[in-house]
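Coordinates in review
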Protein chains: 4
Amino acid sequence: MASLINRRQFTIEWGHCDPAGMVFNSRFFEFFDWGTWTLFELALGVKPSALAETFGIVGLPLVDSGARFIAPARFGDVVEMTSQVSEFRRSSFDVEHKLSVRGVLAVEGRETRVWAVRDPADASKMKAQPIPPEVTARFVAQ
Amino acid sequence: MASLINRRQFTIEWGHCDPAGMVFNSRFFEFFDWGTWTLFELALGVKPSALAETFGIVGLPLVDSGARFIAPARFGDVVEMTSQVSEFRRSSFDVEHKLSVRGVLAVEGRETRVWAVRDPADASKMKAQPIPPEVTARFVAQ
Amino acid sequence: MASLINRRQFTIEWGHCDPAGMVFNSRFFEFFDWGTWTLFELALGVKPSALAETFGIVGLPLVDSGARFIAPARFGDVVEMTSQVSEFRRSSFDVEHKLSVRGVLAVEGRETRVWAVRDPADASKMKAQPIPPEVTARFVAQ
Amino acid sequence: MASLINRRQFTIEWGHCDPAGMVFNSRFFEFFDWGTWTLFELALGVKPSALAETFGIVGLPLVDSGARFIAPARFGDVVEMTSQVSEFRRSSFDVEHKLSVRGVLAVEGRETRVWAVRDPADASKMKAQPIPPEVTARFVAQ
């Protein structure tokens, strides 16, 4: 079954770039983050800011992330980004992000996130929780 | 004569916000910067990344900026931003930015920028230059 | 009476700088913010993260800010920053920040902040509150 | 042979943190970047801003990076960060970053970077180059 793909197009801004004239690496992790929020919005029909309350979670904390930088993205470049869940596990999942410029893959990103609730034993902590099947079902491309 | 207005709509991202749940102040100065670049693109029909080369300038360095924070903008809020030149002087100009959320003015920004060329006496420095009248003429709303 | 001065020294990082090789303007507003938090720590002997709870406030929300950019700061430059309250009013105050590189003033910043508590009539809102005299007294240089 | 370790201590700022009150993930990649620059300064005795010119390179472009987020870092937390080269290859190398808060490992980062020169065939491109043995020799802890 194909996985739902979230597509976002945006333009590289002056403030994203470093003295080499290329996007500074940390910015890509901002792009990945937003890619995941909007993927969940697309799949679940819930605004990112309402996600936690709607599903009784504290959020989707990131436990692992990574990126491969294949080609530079520069000021004014139009980026096509796709984001999709590559794997759902019991209480965690992986999201893959691909950013292309002029049809060429520039950056590949990867995030592992957890479906997390407040720990009933300690409200200052989070605790992984099984992802409801009605959630994962929504990430299958129609 | 009315001044050309650049309009941009965007959504407040998780990473824009601080522990108070509101946009961290420095982010607004990123928004202002991009508002100015795209205002110049709208007025002059030149991509931001081609502006310097097209007009033989080194850029539009910022010499003064400011903001009034009137109402908070929060995660998921849709921001309507307008940017326009409020005054052109011989070699500098002021840009006004207004950001509204749900029809209510949230932030007012102000930038003073210089039309700058490389200093012929010292290539490591910049020098203000009169703004060509054919440039300023393009900022009048049709 | 002279005003207490908070001094901070730091080095401009690669990721602070834009394609012109100079600090991107929004970064200075991050520096100002931290300058104010650490000025309050110096004056009141309270860690920034404990300030709100110690004084029963929700924070020191920023209502106005501005900067003059006089000389560029570049990658590797060592910045000397001073921060001090220039005026206390009933429930708001102004902070002045000066950043120098190699003894030359590079940037002047200005923030207006409010001593704010949670609005008893609406917990989602903040409300200005008179600044306690025992707080303002601590900002006089000994 | 043990690898030279660069140690840096810094405090988590308000502007580093997101609405969950924890450091927003992209900030850690800023910290890693600076950790690598200052590790090279420690090893080679050359200021980061002079590194490219001193060694005839265009920089140390990042080709791969990643992080494991083990425990949160919050506003006001004092972070102890270590950075060291875990492996030198012919023209690339890996840097490991470990960030601890109150003695507990909070984040592990990993960067793969290239020793890159301007491509003689195309000045707009970069090209990997063998890392000089006198460079790698300096990363052995004394």
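Being a predicted model, the structure only gives us computed values, none of them experimental. Per chain, the residues get numbers from 1 upward, laid out in the order the sequence is written. As they are written, the chains are lettered A onward and the ligands numbered 1 onward, keeping that order. Since the coordinates come from a predicted model, pLDDT governs what is reported: local features require at least 70, and pairs of side-chain atoms require 80 or more to be given and counted, while whole-chain, interface and lining totals use all residues. In computing side-chain values, all of the structure's heavy atoms are included and hydrogens and water are not.

Thoughts on the interface of chain A and chain D
Residue contacts are defined here by distance: any two heavy atoms, one from each residue, within 4.5 Å place the two residues in contact. At the interface, 19 residues of chain A touch 19 residues of chain D. Across the chain A to chain D interface the summed buried area is about 1500 Å²; carbon plus sulfur atoms make up 54%. Think of a salt bridge as a Lys or Arg side-chain nitrogen and an Asp or Glu carboxyl oxygen that are within 4 Å of each other. Viewed at the interface, chain D and chain A are joined by 0 salt bridges. Polar contact criterion, stated in full: a pair of N or O atoms within 3.5 Å, where within protein one must be able to donate a hydrogen and the other to accept it, and residues adjacent in sequence count only if both atoms are side-chain atoms. Along the contact surface separating chain A from chain D lie 4 residue pairs in polar contact (both at pLDDT 80 or more). What counts as a helix is a DSSP run of H or I of at least four residues, what counts as a strand is a run of E of at least two, and both are numbered from the N terminus. If one sorts the elements of the side of chain A that touches chain D by residue count, strand β2 (residues 62-69) of chain A sits on top with 8 residues. A quick way to say it: buried area is the sum, across both parts, of accessible area lost when two parts are put together, with a 1.4 Å probe.

Structural notes on the pattern of salt bridges
Counted under the stated rule, the structure contains 48 salt bridges over all chains. Among the salt bridges present, the one from Glu-13 of chain C reaches Arg-8 of chain D, with a minimum N-O distance of 3.2 Å. Highlighted residues: Glu-13 of chain C in the loop between β1 (6-11) and α1 (25-44) and Arg-8 of chain D in strand β1 (residues 6-11), drawn from two different chains. In this scheme, a residue with accessible area under 20% of its type's maximum is buried, one over 50% is exposed, and one in between is partly exposed, where area comes from a 1.4 Å probe on protein chains only. Judged by its relative accessible area of 22%, Arg-8 of chain D falls in the partly exposed class. Where Asp-77 of chain C meets Arg-102 of chain C, a salt bridge forms, and the shortest distance between an N and an O atom there is 3.0 Å. Residue Asp-77 of chain C is found in the loop between β2 (62-69) and β3 (78-88), and its partner Arg-102 of chain C is found in the loop between β4 (92-101) and β5 (104-114); the two are separated by 25 residues along the sequence. Taking relative accessible area as the criterion, Asp-77 of chain C reaches 8% and is therefore assigned buried. Here the salt bridges do not stand alone but share partners, grouping Arg-27 and Glu-30 of chain A together with Arg-27 and Glu-30 of chain B into one network.

Notes on the relation of the copies chain A and chain D
Superposing chain A onto chain D requires a rotation of 180 degrees together with a translation of 0.0 Å along the rotation axis, leaving an RMSD of 0.0 Å. On this basis, the relationship between the two copies can be described by a two-fold rotation axis. The rotation axis passes nearest to the C-alpha of Gly-66 of chain A in chain A, at a distance of 1.9 Å. Of all interface residues in chain A, 100% are interface residues in chain D too; the two copies therefore contact each other through one and the same surface. Least squares is used to superpose the copies, and the fit set is the C-alpha atoms of residues whose pLDDT is at least 70 in both copies.

A look at the sheet that holds β4 of chain C
Pairing in this open sheet of 10 strands is antiparallel, and the strands run β1(B)-β3(B)-β4(B)-β5(B)-β2(B)-β2(C)-β5(C)-β4(C)-β3(C)-β1(C) from one edge to the other. Each having just a single partner strand, β1 (6-11) of chain B together with β1 of chain C make up the two edges of the open sheet. When strand polarity is set aside, the average angle formed by the axes of neighbouring strands in this sheet is 15 degrees. Strand pairing requires that DSSP identify at least two bridges connecting the strands. With 10 bridges joining them, strand β4 (residues 92-101) of chain B and strand β5 (residues 104-114) of chain B adopt antiparallel strand pairing. Counted as the bridge partner of Ser-92 of chain B is Val-114 of chain B from β5 of chain B. Orientation is described by axes fitted as lines to C-alpha atoms, over the contacting stretch for helices, and by angles from 0 to 180 degrees between their N-to-C directions.

As for the pairing of strand β2 (residues 62-69) of chain D
For β2 of chain A and β2 of chain D, the ladder comprises 5 bridges, and the chain directions are antiparallel. Among the inter-strand pairings, Gly-66 of chain A is bridged to a residue of β2 of chain D, identified as Gly-66 of chain D. Pairing analysis gives 7 bridges linking β2 of chain D to strand β5 (residues 104-114) of chain D, with the strands arranged antiparallel. Counted as the bridge partner of Gly-66 of chain D is Arg-110 of chain D from β5 of chain D.

Considering the sheet that holds β2 of chain A
Across the sheet, 10 strands lie side by side as β1(A)-β3(A)-β4(A)-β5(A)-β2(A)-β2(D)-β5(D)-β4(D)-β3(D)-β1(D); this open sheet has antiparallel pairing. Looking at which strands have only one partner, the edges of the open sheet turn out to be β1 (6-11) of chain A together with β1 of chain D. For this sheet, the mean inter-axis angle between neighbouring strands, taken without regard to orientation, is 15 degrees.

With respect to empty space enclosed by the protein
Only protein atoms enter the 1 Å grid used here, on which a cavity is any set of points holding a 1.4 Å probe that cannot leave and a pocket is any open set flanked by protein within 12 Å on both sides along at least five of seven lines; residues with an atom within 4 Å of a point are listed as lining. Grid points are joined across faces, edges and corners, and a volume is the space filled by probe spheres set on the points. Applying the stated criterion to the full structure yields 4 cavities of 30 Å³ or more. One number sums up the size of the largest cavity: a volume of about 270 Å³. Residue lining of the largest cavity: 32 residues in total, with Glu-30 of chain A, Arg-27 of chain B, Glu-30 of chain C together with Arg-27 and Glu-30 of chain D positioned closest to the centre. Every element with two or more residues in the lining of the largest cavity is listed here: α1 (25-44) of chain A, α1 (25-44) of chain B, α1 of chain C together with α1 (25-44) of chain D. Each residue gets one label: Ala, Val, Leu, Ile, Met, Phe, Trp, Tyr, Cys and Pro are nonpolar, Asp, Glu, Lys and Arg are charged, and the others, such as Gly, are polar. Residue composition of the lining of the largest cavity, grouped by class: 8 nonpolar, 12 polar and 12 charged.

Topic: the packing of aromatic side chains
In this analysis, rings of Phe, Tyr and Trp, with Trp reduced to its six-membered ring, are considered paired at centre separations within 6.5 Å, and the interplanar angle assigns stacked below 30 degrees, edge-to-face beyond 60, and tilted for intermediate values. All chains considered together, the criterion is met by 54 aromatic pairs over all chains. Taken together, the ring pairs connect Phe-10, Phe-28, Phe-31 and Phe-69 of chain A into an aromatic cluster. One residue, Arg-8 of chain C, lies across the ring of Phe-10 of chain C, its end atom 4.9 Å from the ring centre. Remark: a charge is flagged as sitting over a ring if the NZ atom of Lys or the CZ atom of Arg is within 6 Å of the ring centre and within 35 degrees of the ring normal.

Comments concerning the environment of Met-126 of chain C
With respect to the helices and strands, the residue Met-126 of chain C is situated in strand β7 (residues 122-128). The exposure class of Met-126 of chain C is partly exposed, given its relative accessible area of 41%. Considering only alpha carbons, one finds Met-126 of chain C and Val-58 of chain C, 68 residues apart in sequence, at a separation of 7.5 Å. Sequence-distant contacts of Met-126 of chain C, that is, excluding residues within four places in its chain, are made with Met-22 of chain B together with Val-58, Pro-61, Ala-116, Val-117 and Asp-119 of chain C.

Quick look at the interface of chain C and chain B
Counting from both sides, the interface comprises 19 residues of chain C and, opposite them, 19 residues of chain B. Interface area, chain C with chain B, both sides summed: about 1500 Å², of which 54% is carbon and sulfur. Counting across the chain C and chain B interface gives 0 salt bridges. Secondary-structure elements contributing two or more residues to the side of chain C that touches chain B are α1, β2 and β7 of chain C. Sorting elements by how many residues they give to the side of chain C that touches chain B places β2 of chain C first, with 8 residues.

Quick notes on the relation of the copies chain C and chain B
Rotating chain C by 180 degrees about the axis while translating it 0.0 Å along that axis superimposes it on chain B, leaving an RMSD of 0.0 Å. Of all interface residues in chain C, 100% are interface residues in chain B too; the two copies therefore contact each other through one and the same surface.

A word on the pairing of strand β6 (residues 116-119) of chain A
Where β6 of chain A lies against strand β7 (residues 122-128) of chain A, 4 bridges are found, and the strand directions are antiparallel. From the neighbouring strand, Ala-116 of chain A faces β7 of chain A, where its bridge partner is Ala-128 of chain A.

Some words on the environment of Val-135 of chain D
Structurally, Val-135 of chain D can be placed in helix α3 (residues 133-136). Residues contacting Val-135 of chain D, with those up to four places away along its chain left out, are Leu-44, Phe-55 and Trp-115 of chain D.

A look at the confidence of the model for chain A
In this model, chain A carries a mean pLDDT of 95, and residues with pLDDT of at least 70 account for 99%. Both confidence scores are given for the complex: pTM 0.96, ipTM 0.95. Values of pLDDT, which run from 0 to 100, indicate the predictor's confidence residue by residue.

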